[in-house]
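Chains, contacts and geometry: an overview
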Amino acid sequence: QVQLVESGGGLVQAGGSLRLSCAASGSTISINAMGWYRQPPGKQREFVANIIRGSSTNYADSVKGRFTISRDNAKNTVYLQMNSLKPEDTAVYYCKTSYSWGDYWGQGTQVTVSR
């Protein structure tokens, strides 16, 4: 059974920074990718960033140059460093881990950016 535990969300002023963490437990041997998605208020969930097999990274255009995804393989943890935050980054952020047999999602962590 795979479990994902997210942490690091909160309230921050525009221009500030936050770092999200997502720790995976259970089966971690065959992780293909780990990533982050977000769901702004009243909108659909959208892709933010992912890291594939621990090295190749991808970012949504809206966060390029501001967010950095990284992974600690020894801790089975993926991080999202968010800098220069904007009010439009306000959302519930979800961690997603992809295996050959399927995907798992975290419970979500709220990020609120005030003006």
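In this report, the structure presented in the accompanying data block is examined. (Residues numbered from 1 in each chain as written. Predicted model: local features only at pLDDT ≥ 70, side-chain atom pairs only at ≥ 80, totals over all residues. Heavy atoms only, no water.)

1. Overview of the overall build of the protein chain
A count of helices and strands for the protein chain gives zero helices and 11 strands. Mapped from its N terminus to its C terminus, the protein chain presents α and β elements in the order β-β-β-β-β-β-β-β-β-β-β. In terms of C-alpha radius of gyration, the protein chain reaches 13 Å, essentially the compact-globule figure of 13 Å for 115 residues. Projected onto its principal axes, the C-alpha positions of the protein chain cover 40 × 25 × 20 Å. Taken across its 115 residues, the protein chain has 45% of its residues classed as buried. Pairs at least 24 apart in sequence give 53% of the contacts found in the protein chain among residues at least 6 apart. (Helix = DSSP H or I, 4+ residues; strand = E, 2+ residues; numbered from the N terminus. Rg over C-alpha atoms; globule rule 2.2 N^0.38 Å. Buried < 20%, exposed > 50% of the residue type's maximum accessible area, 1.4 Å probe, protein only. Contact = heavy atoms within 4.5 Å.)

2. Thoughts on the sheet that holds strand β3 (residues 18-25)
If you walk across this open sheet you meet the four strands as β1-β3-β8-β7, and the pairing is antiparallel. The outermost strands of the open sheet, each flanked by one partner alone, are β1 (3-7) and β7 (67-72). Adjacent strand axes in the sheet meet at a mean angle of 15°, parallel and antiparallel pairs treated alike. As paired elements, β7 and strand β8 (residues 77-82) share six bridges and run antiparallel to each other. When the sheet's bridge partners are listed, phenylalanine 67 is paired in β8 with methionine 82. (Pairing = 2+ DSSP bridges. Axes fitted to C-alpha atoms, helices over the stretch in contact; angles between N-to-C directions.)

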